[in-house]
Amino acid sequence: MSKAEISSVLREPRFVVKKFQTRIQAEGVGAVVRRSIGRFELRHFDPFLVLDEFSVTAPGGFPDHPHRGFETVTYMLQGAMTHEDFAGHKGTIRTGDLQWMTAGRGIVHSEMPASQGTQKGLQLWINLSSKHKMIEPRYQELLSKDVAEVAKDGIKVRVIAGEALGTKSAIYTRTPTMYLDFTLKPGAHLQQPIPSLWNSFIYVLEGEGVFCKQESSPTKAHYILLLGFGDGVEAWNKSSKLLRFILVGGEPIGEPVVQYGPFVMNTQEEIDQTIDDYEYCINGFENAKH
Ligand code: FJE
Ligand code: FE
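Residues numbered from 1 in each chain as written. Chains lettered and ligands numbered in written order. Predicted model: local features only at pLDDT ≥ 70, side-chain atom pairs only at ≥ 80, totals over all residues. Heavy atoms only, no water.

- Under an unreviewed UniProt entry, the protein has the name Pirin and belongs to Protea cynaroides.
- Entered under Sequence similarities (unreviewed entry) in the UniProt record, the comment concerning the protein runs "Belongs to the pirin family."
- Taken directly from UniProt, the Subcellular location (unreviewed entry) text for the protein runs: "Nucleus". (UniProt positions renumbered as here; feature names shortened; annotations may be inferred.)

A few points about the overall build of the protein
Right, on to step 1. Helices and strands together make up the secondary structure of the protein, namely two helices and 26 strands.
Right, on to step 2. Radius of gyration (C-alpha) of the protein: 19 Å, near the 19 Å computed for a compact globule of 290 residues.
Right, on to step 3. Counting only C-alpha atoms, the protein reaches 65 × 40 × 35 Å along its principal axes.
Right, on to step 4. Within the protein, contacts between residues at least 6 apart in sequence are counted, and of these 71% link residues at least 24 apart.
Right, on to step 5. Taken as a whole, the protein presents about 13300 Å² of accessible surface, with 52% of it coming from carbon and sulfur.
Right, on to step 6. The average position of the 31 basic charges and that of the 34 acidic charges among the side chains of the protein differ by 7 Å. (Helix = DSSP H or I, 4+ residues; strand = E, 2+ residues; numbered from the N terminus. Rg over C-alpha atoms; globule rule 2.2 N^0.38 Å. Contact = heavy atoms within 4.5 Å. Areas by Shrake-Rupley, 256 points an atom, 1.4 Å probe, with all protein chains shown as cover. Lys, Arg positive; Asp, Glu negative; His and termini not counted. Charge placed at Lys NZ, Arg CZ, Asp CG, Glu CD.)

Examining helix α2 (residues 268-280)
Right, on to step 1. Taking 1.5 Å per residue, 13 residues should reach 18 Å; α2 reaches 18 Å between its end C-alpha atoms and fits that length.
Right, on to step 2. Every buried residue of α2 is listed here: Ile271, Thr274 and Asp277. Projected onto a plane normal to the axis of α2, the buried residues spread over an arc of 120° and lie on a single side. Exposed and facing more than 90 degrees away from the buried side of α2 are Glu269, Glu279 and Tyr280.
Right, on to step 3. The inward-facing, buried residues of α2 contact β25 (258-260) and β26 (263-265).
Right, on to step 4. Trailing α2 by a residue or two, Cys281 shows a phi angle of about 55°, which is positive. (Expected span 1.5 Å × (residues − 1). Buried < 20%, exposed > 50% of the residue type's maximum accessible area, 1.4 Å probe, protein only. Arc of directions from axis to C-beta.)

Looking at the coordination of the iron ion (ligand 2)
Right, on to step 1. Coordination sphere of the iron ion (ligand 2), protein contribution only: His65 (NE2), His67 (NE2), His109 (NE2) and Glu111 (OE), at 2.1 to 2.3 Å.
Right, on to step 2. Seen from the iron ion (ligand 2), its four donor atoms lie at angles of 81 to 174°, and the figure they make is irregular.
Right, on to step 3. Going along the chain, you hit the donors of the iron ion (ligand 2) in the pattern H-x1-H-x41-H-x1-E. Here the residue His67 occupies a position in strand β5 (residues 62-67), and His109 occupies one in strand β10 (residues 107-113), the gap between them amounting to 42 residues. In this structure, His67 and His109 share a single accessibility class: buried. (Donors = N, O, S within 2.8 Å, 3.2 Å for Na, K, Ca; no water. Tetrahedral: all angles 85-135°; square planar, octahedral: opposite > 155°, others 65-115°.)

Focus: the UniProt feature "domain: Pirin N-terminal" (unreviewed entry) in the protein
Right, on to step 1. The UniProt feature table records "domain: Pirin N-terminal" (unreviewed entry) at residues 33-126.
Right, on to step 2. In the segment residues 33-126, helix accounts for 0% and strand for 62%; the C-alpha atoms at its two ends are 17 Å apart.

Re a negative patch on the surface
Right, on to step 1. Together, Glu269, Asp272, Asp276 and Glu279 give the surface a local cluster of negative charge.
Right, on to step 2. One can find Glu279 in helix α2.
Right, on to step 3. Overall, the relative accessible area of 54% leaves Glu279 in the exposed class. (Patch = residues over 30% accessible without salt bridge, like charges linked within 9 Å, V, L, I, M, F, W, Y side chains within 5 Å. Salt bridge = Lys/Arg side-chain N within 4 Å of Asp/Glu carboxyl O.)

Remarks on unusual backbone geometry
Right, on to step 1. Here the residue pair Asp46 and Pro47 is connected by a cis peptide bond, since its omega of 5° sits within 30 degrees of zero.
Right, on to step 2. Position of Pro47 relative to the elements: it lies in the loop between β3 (31-35) and β4 (48-56).
Right, on to step 3. The step from Ala58 to Pro59 runs through a cis peptide bond, and the omega angle for that step is 5°.
Right, on to step 4. Here the phi dihedral of His222 falls at roughly 75°; this positive angle occurs in a residue that is not glycine.
Right, on to step 5. Assignment of secondary structure puts His222 in the loop between β21 (219-220) and β22 (223-227).
Right, on to step 6. Look at Asn283: it is not a glycine, yet its phi comes out positive at around 50°.
Right, on to step 7. Among the structural elements, Asn283 can be located in the segment after α2.

Describing the layout of surface pockets
Empty space among the atoms can be located by rolling a probe the size of a water molecule over them.
Right, on to step 1. Looking at the largest pocket, its volume works out to about 490 Å³.
Right, on to step 2. Contributing elements (two or more residues each) for the lining of the largest pocket: β3, β4, β5, β7 (80-85) and β11 (119-127).
Right, on to step 3. The element that contributes the greatest number of residues to the lining of the largest pocket is β5, accounting for five residues.
Right, on to step 4. Across the lining of the largest pocket, the residue classes tally to 11 nonpolar, 11 polar and five charged. (1 Å grid on protein atoms, 1.4 Å probe; cavity = no way out; pocket = protein on both sides within 12 Å on 5 of 7 lines; lining within 4 Å. Points joined across faces, edges and corners; volume = space filled by probe spheres on them. Nonpolar A, V, L, I, M, F, W, Y, C, P; charged D, E, K, R; others polar.)

Notes on the pairing of β3
Right, on to step 1. Counting buried positions along β3 yields four of five residues, so the element is predominantly enclosed.
Right, on to step 2. Relative to β4, β3 is paired through four bridges, and the arrangement is antiparallel. Within the sheet, the bridge partner assigned to Arg34 lies in β4 and is Glu53. (Pairing = 2+ DSSP bridges.)

See below:
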């Protein structure tokens, strides 16, 4: 066995199965998003429903809208957003903060800029299994200073969910999920384990990285890489600038997905019921009356 093989912590590294570039599209009111998961060519990636890199300036934003049947994870990259829901839950998340919202049976809320200039961030929608779609809504919020962060060998990781470099996140993931924000210095090499049967992807935020195969061509910002199965992923920063990307993985739910905008259920009947519940303010949408 060569030295390189002995030093590898991965027995079966994952390969890139698909690579997509994201383009800017209009969303909400006067906002733009780069949607990777959730667009026509990549409808869902079980358990993930949507990944948007958003950019919004006041007076634009995402005024009152409902959610049911999944979770939204909003992670701020720049600026600040205020969210306010129909039950009076209100808060502002700033650069590096995150909100992990379990919509469950129903939330109606707004997400609006809270500062001057452009607010940027990522919003990931994670599906809930049929037995969890109608659970009570729940929020988990982490300020930037409370996000677990570790640095080692030119690698810095912010552990949003799951575990990396021996450090765990405090976030509870109803659908088992890992969400890591990596920054690699020039020359750094990462080997990150991922549970073998989970779906996983990389989304590049800054710089350019070489992923999965040493000799593959570099991937730049705003590209998503869908990974095949294996026990982990390798990344190299062969450039002279910082490389920043997120690595997200989740346990596939394996159930039918029927989506109607912000409602994600298992069957058309459940979607019809949800539209009625929202219209009549019942079964979780009671507070939408006010
Ligand atoms: C939306 C349903 C929605 N991407 N990125 C339908 F939930 C939304 C929506 C968002 C959103 C919000 C933030 Cl803060 C960030 C997002 C979609 O609120 F725009 C439509 N059309
Ligand atoms: Fe929302």
